[in-house]
Amino acid sequence: WKTSSLVVALVTGAGSAFAACDPGEVVIKFSHVTNTDKHPKGIAATLLEQRINEEMDGKACMEVFPNSTLYNDDKVLEAMLQGDVQLAAPSLSKFEKFTKKFRIFDLPFLFKNIEAVDAFQTSDAGQALLDSMQRRGLQGLTFWHNGMKQMSANVPLVTPADADGLKFRVMSSDVLVAQMEAIGGSPQKMAFSEVYGALQQGVVDGQENVWSNIYGKKFFEVQDGITETNHGIIDYLVVASVDWLDSLDPAVREQFLTILDEVTATRNSESYEVNQKNRQAILDAGGTIRTLTDDERQAWVTAMQPVWEQFTGDIGQDSLDAAVQINS
Ligand code: LMR
């Protein structure tokens with residue numbers, strides 16, 4: 001009987017991944033790379049899952065796969081085009097293979113805070129970006145907020161010269177490569193799930209990220225400290241394939257998009273606070289956070305900002321002008 005109960009357990013275990021799904025329901029697999037709680041994206045994904053499964057019961061069901069358990073961000077968009085996942089929310093830095101227009105979000109010291117990011121995204125220039133990958137089969141649905149990036153390394157970073165010669169992990173974005181080169185660093189593109197190990201083993205010396213990732217994935221434990229530069233942003237595009245959206249019954253699609261919009265509004269308004277809690281959690285855990293004086297921060301601006309001109313052609317002057325105006 002042991003064998004048969006094992007079989008039952010295995011079958012039940014396999015089935016439980018889709019416990020929420022009944023026959024006839026549209027299955028929405030949502031793959032992402034971060035934690036499920038204490039993280040702006042993780043919390044939003046969990047809330048979306050709960051609401052879809054409650055309010056669309058009988059029509060649709062959602063299963064969230066967090067922490068890169070299903071796909072890394074460098075694979076998830078291809079998987080989506082194959083129909084293996086239906087929803088993803090990679091950071092805006094991870095769309096390089098599909099569009100160069102998102103490079104605007106990686107320009108160092110362009111966005112002063114998450115409200116400015118929101119204002120740009122809701123402007124005509126920002127909304128046009130949602131449709132910028134339709135020809136490549138992807139439809140942007142909405143933007144989800146995280147927050148401002150900070151710098152960390154295995155040595156104290158106060159001036160840009162402190163970064164000279166260090167190896168930095170970056171997301172898969174050429175703007176971020178250029179930014180790290182501008183401070184004399186040697187950038188290495190790497191999947192999020194590999195960062196902790198790479199920092200721990202000295203494959204890279206440093207990285208840049210938001211408080212919720214630095215705390216959530218414990219990067220602070222394997223770094224000398226975090227320097228509060230607020231030099232850039234991490235934000236996300238909730239994305240689906242054009243084909244999958246087209247395949248949905250219009251009423252199902254509308255209900256799904258309405259719930260997504262409501263979850264977005266609720267969670268985006270909390271992202272700053274979620275990050276501040278993560279910042280405090282780093283301090284509470286004994287991590288080091290270095291703040292910069294205005295003059296010290298200005299040295300980072302001076303060193304990094306020249307990369308803008310390398311990418312203006314990709315981004316488009318109109319889009320850049322709109323963002324600059326929002327931040328002035
Ligand atoms: C990263 O790769 O550092 C981030 O994009 C992870 C995330 O989704 O916040």
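Coordinates for the structure precede this section.
Report follows, based on the coordinates. (Residues numbered from 1 in each chain as written. Predicted model: local features only at pLDDT ≥ 70, side-chain atom pairs only at ≥ 80, totals over all residues. Heavy atoms only, no water.)

**Regarding the pairing of strand 5 (residues 167-170)**
Worth spelling out the cut-off: Should DSSP find at least two bridges between two strands, the strands are regarded as paired. Numbering of helices and strands runs from the N terminus; a helix is a DSSP stretch of H or I covering at least four residues, while a strand is a stretch of E covering at least two.
Both strand 5 and strand 6 (residues 186-189) contribute to a ladder of 4 bridges, which runs parallel. Looking across to strand 6, one finds that V170 is bridged to K189. Relative to strand 7 (residues 206-210), strand 5 is paired through 2 bridges, and the arrangement is parallel. Within strand 7, the residue paired with F168 across the bridge is G206.

**A short note on the state of the cysteines**
Put simply, the rule is: Our working definition of a disulfide is a cysteine sulfur pair at a distance within 2.5 Å. A simple rule labels every residue: compare its accessible area, found with a 1.4 Å probe on the protein chains alone, to the largest value its type can have, and call it buried under 20%, exposed over 50%, or partly exposed in between.
A full pass over the atoms with the stated rule returns 1 disulfide. Covalent S-S linkage joins C21 and C61, the inter-sulfur distance amounting to 1.8 Å. The sign of the 90° torsion about the S-S bond sets the C21-C61 disulfide as right-handed. On the criterion of sequence distance, the pair formed by C21 in the loop between helix 1 (2-16) and strand 1 (26-31) and C61 in strand 2 (residues 60-65) is long-range, its members being 40 residues apart. Pair check on accessibility: C21 and C61 agree, each one buried.

**A look at the packing of helix 13 (residues 308-315) against helix 14 (residues 317-326)**
Note the following rule: Each axis is a line fitted through C-alpha atoms, taken for helices only over the stretch in contact, and angles between the N-to-C directions span 0 to 180 degrees. Geometric relationships in this document are graded by angle, where less than 35 degrees denotes roughly parallel, more than 145 denotes roughly antiparallel, 65 to 115 denotes roughly perpendicular, and other angles denote oblique. When checking whether two residues touch, look at their non-hydrogen atoms; a contact exists if any pair is within 4.5 Å. In this classification, the charged set is Asp, Glu, Lys and Arg, the nonpolar set is Ala, Val, Leu, Ile, Met, Phe, Trp, Tyr, Cys and Pro, and all remaining amino acids, among them Gly, are polar.
In the contact formed by helix 13 and helix 14, the axes pass within 7 Å of each other and the chain directions differ by 120°. As summarised for this structure, helix 13 and helix 14 are arranged oblique, according to the angle between their axes. Contacts from W308, T312 and I315 of helix 13 reach helix 14 at Q317, S319, L320 and V324. Of the residues that constitute the contact of helix 13 with helix 14, the class distribution is 4 nonpolar, 3 polar and no charged.

**A few points about the nonpolar core**
The line we're drawing: We call a set of buried residues a nonpolar core when its members are Ala, Val, Leu, Ile, Met, Phe, Trp, Tyr or Cys and they connect through side-chain atoms within 4.5 Å of each other.
Ranked by size, the top nonpolar core spans 44 residues in total, and within it F30, L48, I52, M62, L87, W144 and F256 carry the most contacts. The leading source of residues in this core is helix 10 (residues 250-268), at 5 residues. Leave out the neighbours within four places in its chain, and L48 touches F30, M62, L87, W144, I259, L260 and V263. Counting residues in each nonpolar core, the second largest holds 36 residues, with V76, L107, F111 and V175 among its members.

**Details of the site of the ligand**
Our working definition: The rule for a residue being near a molecule or strand is that one of its heavy atoms must lie within 4 Å of it. Side-chain atoms alone can form a polar contact between residues adjacent in sequence; in general such a contact is a pair of N or O atoms within 3.5 Å, and within protein one must be able to donate a hydrogen while the other accepts it. To measure how exposed things are, a 1.4 Å probe is used in the Shrake-Rupley method; for residues, cover is taken only from the protein chains shown.
V33, T34, K41, S91, K94, R169, M171, F192, N209, N213 and Y236 make up every residue found near the ligand. In this structure, N213 approaches the ligand through a side-chain N or O atom, which is 2.8 Å from an oxygen atom. Between the ligand and Y236, the relevant distance is 2.5 Å, taken from an oxygen atom to a side-chain nitrogen or oxygen of the residue. Within the complex, the protein chains bury 100% of what would otherwise be the 270 Å² of accessible surface of the ligand. Broken down by class, the residue content of the shell around the ligand amounts to 4 nonpolar, 4 polar and 3 charged.

**Concerning the packing of aromatic side chains**
The criterion, for reference: Here a pair means two rings of Phe, Tyr or Trp (six-membered ring of Trp) with centres within 6.5 Å. Their orientation is stacked below 30 degrees between planes, edge-to-face above 60, and tilted elsewhere.
With the rule as written, the count across this model stands at 10 aromatic pairs. Here F30 and W144 contribute two aromatic rings whose centre-to-centre distance is 6.1 Å and whose plane-to-plane angle is 50°, an arrangement assigned as tilted. Of the two residues, F30 is situated in strand 1 and W144 in strand 4 (residues 138-153); the sequence distance between them amounts to 114 residues. The pair formed by F30 and W144 is uniform in burial state, with each residue classed as buried. Pairwise contacts between aromatic rings join F95, F102, F105, F111, F120 and F143 into one cluster.

**Examining the pattern of salt bridges**
Our working definition: Salt bridges are identified by distance alone: a Lys or Arg side-chain nitrogen within 4 Å of an Asp or Glu carboxyl oxygen.
Applying the stated rule across the entire model yields 11 salt bridges. Measuring nitrogen to oxygen at the nearest pair gives 2.6 Å for the salt bridge that ties D73 to K94. Separated by 21 residues along the polypeptide, D73 in helix 3 (residues 73-81) and K94 in the loop between strand 3 (87-88) and helix 4 (114-122) bring together distant segments of the chain. Residue D73 is classed as buried on the basis of its relative accessible area, which comes to 9%. Among the salt bridges present, the one from D314 reaches R103, with a minimum N-O distance of 2.4 Å.

**Quick notes on helix 3**
Here is the rule: Each direction from the helix axis to a C-beta atom contributes to the arc, which is the arc of those directions.
Residues of helix 3 that are buried: D73, V76, L77, A79 and M80. The arc that holds every buried residue of helix 3, seen down its axis, measures 160°, which confines them to one face. The inward-facing, buried residues of helix 3 contact strand 1, strand 3, strand 4 and strand 8 (225-241). Directly beyond the C-terminal end of helix 3, a positive phi value near 85° is found at G83.

**Overview of the side chain of K94**
Residue classification places K94 among the buried positions, given a relative accessible area of 13%. Here the side chain of K94 touches D73 through a polar contact of 2.6 Å, side chain to side chain. Filtering out sequence-adjacent residues up to four positions away, K94 remains in contact with D73, L77, M171 and S172.

**As for unusual backbone geometry**
In this structure, F109 takes a positive phi of about 60° despite not being glycine. As for its placement among the helices and strands, F109 is situated in the loop between strand 3 and helix 4.

**Remarks on the packing of helix 2 (residues 40-55) against helix 10**
For the record, the criterion: In this scheme the handedness of a crossing depends on how the near helix is turned from the far one: anticlockwise by less than a right angle means left-handed, clockwise means right-handed.
Interhelical geometry of helix 2 versus helix 10 gives an angle of 145° and a closest axis separation of 10 Å. Like other packed secondary-structure pairs, helix 2 and helix 10 cross with a definite hand, here right-handed. Judged by residue contacts, I43, A44, L47, L48, R51, I52 and E55 of helix 2 engage Q255, F256, I259, L260, E262, V263 and R267 from helix 10. Looking at the contact of helix 2 with helix 10 residue by residue, the classes come out as 9 nonpolar, 1 polar and 4 charged.

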